[in-house]
Structures are given as C-alpha cells and as structure tokens.
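Topology and contacts: notes
Listed below are the residues making up each chain.
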Amino acid sequence: MYSLLFKNLTKYALFRASFWGVLGMILLTLPDFYLNGMFYMIVGYMLTVGIWRIVGFARECAVNHIKDKKMCSPLRYFSLLVAVLLIVVVIQSIIFRHLMIRVTPVYLGGLLLLESILYFIIALCANTFMQRGLLVAFSGIVFLGGAAVLAFTFGFGIGGIMGLTKVSCAALLFACLYELTAYLVYRKNAGIRSNEEDI
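1. Remarks on the packing of aromatic side chains
- Going through the model one piece at a time under the given rule, you end up with eight aromatic pairs.
- Ring centres 5.5 Å apart and planes at 80 degrees place the aromatic pair Phe39 and Tyr107 in the edge-to-face group. A residue pair is termed long-range when its members are at least 10 positions apart, and Phe39 in helix H3 (residues 38-66) and Tyr107 in helix H6 (residues 104-124) qualify at 68 residues.
- Through pairs of rings, three or more aromatic residues link up here, namely Phe15, Phe19, Trp20, Tyr45 and Trp52.

2. Some details on a nonpolar patch on the surface
- Taken together, the side chains of Phe78, Leu81, Leu85, Leu114 and Ile117 present a nonpolar region at the surface, about 430 Å² in accessible area.
- Among the elements of the structure, helix H4 (74-95) and H6 are those that each provide at least two residues to the nonpolar patch.
- At three residues, the largest contribution of residues to the nonpolar patch is made by H4.
- Along the chain, Ile117 turns up in helix H6.

3. With respect to the side chain of Glu179
- Considering the arrangement of structural elements, one finds Glu179 in helix H8 (residues 160-198).
- By relative accessible area, which is 0% here, Glu179 ends up buried.
- Sequence-distant contacts of Glu179, that is, excluding residues within four places in its chain, are made with Ala13, Arg16, Ala17, Trp20, Glu115 and Tyr119.

4. Structural notes on the confidence of the model for the protein
- Across the protein, pLDDT averages 81, with 82% of residues at or above 70.
- Mean pLDDT values for the elements of the protein range from 62 in helix H1 (residues 2-9) up to 91 in helix H7 (residues 129-153).

5. Some thoughts on empty space enclosed by the protein
- Under the criterion given, the structure shown has one cavity of 30 Å³ or more.
- Together, Tyr45, Met46, Val49, Arg53, Phe78, Val82, Leu86, Leu111, Leu114, Glu115, Ile117 and Leu118 line the largest cavity.
- Every element with two or more residues in the lining of the largest cavity is listed here: H3, H4 and H6.
- With five residues, the single largest contributor to the lining of the largest cavity is H6.

Cut-off values and rules
- Residues numbered from 1 in each chain as written.
- Predicted model: local features only at pLDDT ≥ 70, side-chain atom pairs only at ≥ 80, totals over all residues.
- Heavy atoms only, no water.
- Phe/Tyr/Trp six-rings, centres within 6.5 Å; stacked < 30°, edge-to-face > 60°.
- Helix = DSSP H or I, 4+ residues; strand = E, 2+ residues; numbered from the N terminus.
- Patch = residues over 30% accessible without salt bridge, like charges linked within 9 Å, V, L, I, M, F, W, Y side chains within 5 Å.
- Areas by Shrake-Rupley, 256 points an atom, 1.4 Å probe, with all protein chains shown as cover.
- Salt bridge = Lys/Arg side-chain N within 4 Å of Asp/Glu carboxyl O.
- Buried < 20%, exposed > 50% of the residue type's maximum accessible area, 1.4 Å probe, protein only.
- Contact = heavy atoms within 4.5 Å.
- pLDDT = per-residue confidence, 0-100.
- 1 Å grid on protein atoms, 1.4 Å probe; cavity = no way out; pocket = protein on both sides within 12 Å on 5 of 7 lines; lining within 4 Å.
- Points joined across faces, edges and corners; volume = space filled by probe spheres on them.

If you want it as structure tokens, here you go:
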C-alpha cells in the first residue's frame, strides 16, 4: 500500500522539480521578476496542480466504483480538499490580481509550506529508514525555507528585496532537490521490485 502511495505522490515529481528549478534560476538571474511575472507563474502552477488532483480523485473513485469498493483512500480526500482550496485561491487571485500581485512572496512562502507538508507525507511512504530519513530532512528544510520567505517578507530579515530574493531562490532550489531525490528513490525502488519479480 505504501509503495503504491509513494508512486502516486511522486508521479509528477519531475514536473514539480522542473517548475521549482526554473523559478529558482529565474529569480537568481532576474531579481526584478519577483514582483512582476512570478505571481502569474505561481497562480498557473496552483491551477495546474488543483486540476490534476481533482482529476486524480475522480479517476480513483471511478476505479474503486468499478471494483465495488465503497470509498476512495482517506489521503485522496485530503488531496481533494487541497485541490479545492488551491482552485479557490486561484479564483480569488485572478479577481483581485492588482492587489495580490504585491504580496507574491506571501504566495510563494505559503505554497512552499503547503508543499513541505506533502513532502513529509511522501517521505513517510518511502521503503527504507535511510530513504525516509533523507526525505524527512529535505522536507524540513523546505518548510524552513517557506517560513524564512514569509519572515523576510514581513521585515524580519535583512537585505531588502535582494535578501528576500536570495532566500526565496534557496528555498526553491531545495524544493527542486527534494522532488528530484523523491523521484530517484522511487525509480530505485521500482527497479529493485522489477529485479525481484524477474528472479
């Protein structure tokens, strides 16, 4: 069950890693992007993730209905709740974009905090103690990165917009590193299972 859960949660890890990595590199080279186009990238990402989660929930429920199972897994209901919240935030962001674009760092910090919770859940589904420990550590770093972005946003950091940009860039690259690690762990575990089945 846990291996299937890990597979489902890491299914789009490369997409997420690409998004975080590209966003981090853009911030590193173009700091002015932070208060301009980044808002639209984050909103677009939230919309994409929200739609994917709703579609995934519908597919699982359809499969369970065909197999005469009464309900989807509890984690899927949590995923659906997150998806609905993301869609609500996206709608609100589009309607009030002229105001919301000014608080882009809050969006980024909040999104990283939310992702770090998902990362922690993914980590608990890994096969070995070493894999779980590594992924839990990375999820904690991403959580601290999101918290640091919020702290710098509200003036508790130093360096102004440049300091905020550097902290945000580091947090994004750690999120990218987590996604890549989770994907490689899944691939390794899948390869081991495949070899065991061949023997």
